[in-house]
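# Structural overview
Spelled out from the first residue to the last, the chains are:
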Amino acid sequence: MKNVNPINILAISGSLRGKSLNSALLRAVISMISSQGTVVTYSEMGQLPHFNPDLDLDVPDTAVANWRRLLKEANGVLICTPEYARGIPGALKNALDWVVSSGEFVNKPVAVISASPHPDGGAIAHESLLGTLSMMSASLVEGGTLTVPFINKKLDSNKEIMDSDLRLNIQNLLKALFQEIKNVQ
Ligand SMILES: Cc1cc2nc3c(=O)[nH]c(=O)nc-3n(C[C@H](O)[C@H](O)[C@H](O)COP(=O)(O)O)c2cc1C
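Residues numbered from 1 in each chain as written. Predicted model: local features only at pLDDT ≥ 70, side-chain atom pairs only at ≥ 80, totals over all residues. Heavy atoms only, no water.

## Some thoughts on the environment of Met-136
Definition in use: We count a stretch as a helix when DSSP gives it H or I for four or more residues in a row; a strand needs E for two or more, and each element gets its number in order from the N terminus. With a 1.4 Å probe rolled over the protein chains alone, any residue whose accessible area is under 20% of its type maximum counts as buried; one over 50% counts as exposed, and the rest are partly exposed. The contact rule is simple, with two residues in contact once any of their heavy atoms fall within 4.5 Å.
Residue position: Met-136 is located in the loop between helix 4 (123–135) and strand 5 (139–148). The exposure class assigned to Met-136 is buried, which follows from its relative accessible area of 6%. Separated by 36 residues in the primary sequence, Met-136 and Val-100 place their C-alpha atoms 6.1 Å from one another. If we skip the residues at most four places from it in the chain, Met-136 touches Leu-96, Val-99, Val-100, Phe-105 and Val-106.

Structural data, given as structure tokens:
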């Protein structure tokens, strides 16, 4: 029987910065999802404590419990992140470390975008993030990964995407993400 449950996406920006280009891009991507599903944007990454296995207790910290619940409730995850010093931003890596043992990413369809003003689009952080997600047994969506170079030139003053190739690439990425979610439902 066809599944009629609405698809719920958890959208995560790897940047905590107020004027983050990645968060702006993520919002533009979300606006392209329209009626395909509902989106919850994760906003508490900065409130997570520093990961320490000694704090990974049966009754976790409230921010950790919320993070795990949001992931659990999501049918799929969309991450848009910058690269910091040739790696994943610490806050994002910290968030991911909190869910290694609890397993919320296992078999979860995930699409990954990295965006940078620099020419390689954060490719090293991108690869590193895919490696971490793969270690956590996430379902990395085929066609669901995108590096975006020169992001500072691809958003207009309203933070809308003005680059037609980027729009098309994002449409394809979303199509792949939603298809994978439907496949696993
Ligand atoms: C501490 C720091 C390290 C950075 N390292 C890199 C890097 O390794 N590669 C890269 O492409 N950009 C790097 N950048 C530039 C970021 O890509 C740029 O600041 C980007 O706008 C940050 O993402 P956001 O706008 O989403 O916050 C770095 C920026 C900062 C603040």
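There is more to say after this.
## As for the site of the ligand
So the rule is basically this: It suffices for a single heavy atom of a residue to lie within 4 Å of a molecule or strand for the residue to be listed as near it. Between N or O atoms, a polar contact is any pair within 3.5 Å; within protein, one atom must be a potential hydrogen donor and the other a potential acceptor, and residues adjacent in sequence are included only when both atoms are from side chains. Here the accessible surface of atoms and residues is derived via Shrake-Rupley with a 1.4 Å probe, and residues count as covered only by protein chains that are part of the display. Side-chain classes follow a simple rule in which Ala, Val, Leu, Ile, Met, Phe, Trp, Tyr, Cys and Pro form the nonpolar group, Asp, Glu, Lys and Arg form the charged group, and the remainder, Gly included, forms the polar group.
In the vicinity of the ligand there are 13 residues, among which Ser-15, Arg-17, Ser-20, Glu-83 and Ser-116 approach most closely. At 2.7 Å, a side-chain N or O of Arg-17 approaches an oxygen atom of the ligand. Within the side chain of Ser-116, a nitrogen or oxygen atom sits 2.7 Å from an oxygen atom of the ligand. Protein chains bury 71% of the 620 Å² of accessible surface belonging to the ligand in isolation. When its residues are assigned to classes, the shell around the ligand shows five nonpolar, five polar and three charged.

## Topic: the packing of aromatic side chains
The geometry of an aromatic ring pair is captured by two quantities: the separation of the ring centres and the angle between the planes. How we decide: Aromatic rings from Phe, Tyr and Trp, with only the six-membered ring used for Trp, were paired whenever their centres fell within 6.5 Å, and each pair was classed as stacked if the ring planes differed by under 30 degrees, edge-to-face if by over 60, and tilted otherwise.
On inspection of all chains with the given rule, the structure shows two aromatic pairs. Where Phe-51 meets Trp-98, the ring centres are 4.9 Å apart and the plane angle is 90 degrees; that geometry is what we call edge-to-face. Of this pair, Phe-51 sits in the loop between strand 2 (38–41) and helix 2 (62–73) while Trp-98 sits in the loop between helix 3 (90–97) and strand 4 (109–115), and the two are 47 residues apart along the sequence. Of the residues examined, Phe-51 reaches a relative accessible area of 28% and is grouped as partly exposed. A residue is classified by how much of its surface remains accessible, and Trp-98, at 1% relative accessible area, is buried.

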